[in-house]
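Chain residues, written in single-letter form:
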Amino acid sequence: MESYFDEYSKNEEMEKNIKPYLEALSIFTKIKKVSENFSKINKNKNLPYNFGSLEDFIKYFKQNILIQKGDEPYRIKEKNYLQKSPEKIFYFFLDELHKLFKMNIGEEEESKNSKNKSIEYDREKAHQSFKKFYKKDRSVISDLFFGKKLIIKTCKNCNMTEYNYKYLKAIPLNLINIISEEIELEHIFVGLEKSFEKEDLCRLCSCKQKFNVQIKIDKRPEILIFVITNSQKVKKVTFQDCIYQNSYKLISVVIDTQSSILGDKKYKILYDNSTGILSNYNKKNVIEKGNIPEGIPYVLFYKKIKEDSDEEDYDDFT
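Summarised in this report is the structure supplied together with it. (Residues numbered from 1 in each chain as written. Predicted model: local features only at pLDDT ≥ 70, side-chain atom pairs only at ≥ 80, totals over all residues. Heavy atoms only, no water.)

### Re the overall build of the chain
Here is the rule: Only DSSP runs of H or I covering at least 4 residues are called helices, and only runs of E covering at least 2 are called strands; the numbering of each starts at the N terminus. Classification of residues uses two cut-offs on accessible area relative to the type maximum, computed with a 1.4 Å probe and protein chains only: under 20% is buried, over 50% is exposed, and between them is partly exposed. Contacts were defined at the residue level, with two residues in contact if any of their heavy atoms lie within 4.5 Å.
Looking only at helices and strands, the chain features nine helices and 12 strands. Within the chain, the proportion of its 318 residues that are buried is 46%. Put simply, 71% of the contacts in the chain that link residues at least 6 apart link residues at least 24 apart.

This is the structure we're talking about:
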């Protein structure tokens, strides 16, 4: 049986693996709509902590992800759950920021339940239900980072179909089953919309049945976040400057360059300030136009530069 200290040693190695993902959170401080509005949160006296800046909040957030000496076993188990799936760190981070920004505008009660639980049997009713939910749940964070996906479930026994709209947040790209030495991420992006079979409870049959499930992207966010995991076997990952028919432009990437000049640091964060949303970057770490660096990316940030005609836009809730 492993001791507590053996488990702690393993956790230290795991923390090294997630460090690039945690460092990627600093990119949020470069986005003006987030960093400049964050100071207003201090005016809310109901917050448990007084964060002087977004940097302070990120530091606090990391402490709740990384294993600390003296942590109880149950806390280590919780943190391991997040560290094993880096995309969950971004889900958690966006949710926490979303709550803070909502609380800032006086919607404390709404922040306690920020999920759309409405399942409808009519697609239009499901859409209207989500729009009503989004209007109440809206924040600067949801405007920038939350898209919309539609989940369609059809019972294979009675053909009853359920429709449910949910947020589309950070997108995980797990490369564990990729055996090629070289891949293009654009090809994986296409697979975000998928169909599969799943066993679940059918409300009409009143028992578990097999369902055909379809996931469709109904609205992509202003800033897309791709979280790439299990890329160790892939020697070269090619990612593009623009994706989705040139509707999104790469604005930041955390990449393993394997460069000797980085010393012990096997990764670096690159920014592109041409979009005007990033500032205070290190000039040595700038993405140059038409010169995408090679290496294994951990996290990619893309900014929408034009509307995709295939997407449905949100109504204007302002």
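### Remarks on unusual backbone geometry
Even without a glycine there, the phi angle at Tyr244 is positive, about 50°. Within the fold, Tyr244 resides in the loop between β9 (242–243) and β10 (248–256). In this model, Gln245 sits at a positive phi of 55°, which is unusual for a non-glycine residue. Tracing the backbone shows Gln245 in the loop between β9 and β10.

### Considering the pattern of salt bridges
Short version of the rule: Each reported salt bridge corresponds to a side-chain nitrogen of Lys or Arg within 4 Å of a carboxyl oxygen of Asp or Glu.
A full pass over the atoms with the stated rule returns 12 salt bridges. Here Asp137 ties to Lys102 by a salt bridge, and the two come within 2.7 Å at their closest N and O atoms. On the criterion of sequence distance, the pair formed by Asp137 in helix α7 (residues 123–137) and Lys102 in helix α5 (residues 86–104) is long-range, its members being 35 residues apart. There is no split in this pair, since Asp137 and Lys102 are both buried.

### Some thoughts on helix α3 (residues 54–63)
Which entries qualify depends on this criterion: Throughout, the arc means the angular range of directions from the helix axis out to the C-beta atoms.
Three or more residues of α3 are buried, namely Leu54, Phe57, Ile58 and Phe61. Looking straight down α3, one finds that the buried residues subtend no more than 100° of arc, so they occupy a single side.

### What to know about the nonpolar core
Selection rule: In this text, buried Ala, Val, Leu, Ile, Met, Phe, Trp, Tyr and Cys residues form a nonpolar core when linked through side-chain atoms within 4.5 Å.
By size, the foremost hydrophobic cluster in this structure holds 48 residues, and its most contacted members are Phe28, Phe90, Leu97, Phe145 and Ile225. In terms of nonpolar packing, the next biggest core, distinct from the first, is built from 23 residues, Leu175, Ile183, Tyr244 and Tyr302 among them.

### Regarding the packing of aromatic side chains
Think of a pair of aromatic rings as described by two things: how far the centres are apart, and how the planes are tilted against each other in angle. Applied cut-off: Only Phe, Tyr and Trp rings take part, Trp by its six-membered ring, and two of them pair if their centres are within 6.5 Å. Stacked means planes under 30 degrees apart, edge-to-face means over 60, and tilted covers everything else.
Evaluated as defined, the whole model comprises 19 aromatic pairs. For the ring pair Phe130 and Tyr134, a centre distance of 6.3 Å and an interplane angle of 15° mean the geometry is stacked. Of the two residues, Phe130 and Tyr134 are both situated in helix α7; the distance of four residues between them amounts to about one turn of the helix. Residue classification places Tyr134 among the buried residues on the basis of a relative accessible area of 3%. Aromatic side chains Phe133 and Tyr167 sit 5.6 Å apart centroid to centroid with 50° between the ring planes, which places their arrangement in the tilted category. With a gap of 34 residues between them, Phe133 in helix α7 and Tyr167 in strand β2 (residues 161–168) connect regions that are remote in the sequence.

### Observations concerning the environment of Asn177
By secondary structure assignment, the location of Asn177 is in the loop between β3 (171–174) and β4 (182–184). By relative accessible area, Asn177 is classed as exposed at 69%. In sequence terms Asn177 and Asn230 are 53 residues apart; their C-alpha atoms lie 8.8 Å from each other.

### Looking at the environment of Ile76
Structurally, the position occupied by Ile76 is in helix α4 (residues 73–84). When the C-alpha atoms of Ile76 and Ile65 are compared, they prove to be 9.2 Å apart, with 11 residues separating the residues in sequence.

### Here's the deal with the pairing of strand β5 (residues 194–202)
Put simply, the rule reads: Each pair of strands is called paired provided DSSP finds at least two bridges between the two strands.
Across nine bridges, β5 lies against strand β6 (residues 207–219) in antiparallel orientation. Its bridge partner being in β6, Glu199 is matched across the sheet by Lys210. Linking β5 to β6, which pair antiparallel, is a turn of four residues; within it Ser206 sits at a positive phi near 60°.

### Things to note about α7
Definition in use: Expected span of a helix, by definition, is 1.5 Å for each gap between consecutive residues, and there is one gap fewer than residues. Two N or O atoms form a polar contact when they lie within 3.5 Å of each other; inside protein one atom must be a possible hydrogen donor and the other a possible acceptor, and for residues adjacent in sequence the pair counts only when both atoms belong to side chains.
Over its 15 residues, α7 extends 21 Å from the first C-alpha to the last, a length consistent with the 21 Å expected when each residue adds 1.5 Å. All buried positions along α7 are accounted for by Ala126, His127, Ser129, Phe130, Lys131, Phe133, Tyr134 and Asp137. Of the residues flanking the start of α7, the one acting as N-cap is Asp122, its side-chain oxygen 3.1 Å from the backbone nitrogen of Glu124.

### Some remarks on the environment of Thr229
Relative to the assigned elements, Thr229 resides in strand β7 (residues 223–229). With 145 residues separating them along the chain, Thr229 and Lys84 place their C-alpha atoms 9.7 Å apart. In contact with Thr229, other than residues within four places in its own chain, are Tyr21, Pro86, Glu87, Leu173, Asn174 and Leu175.

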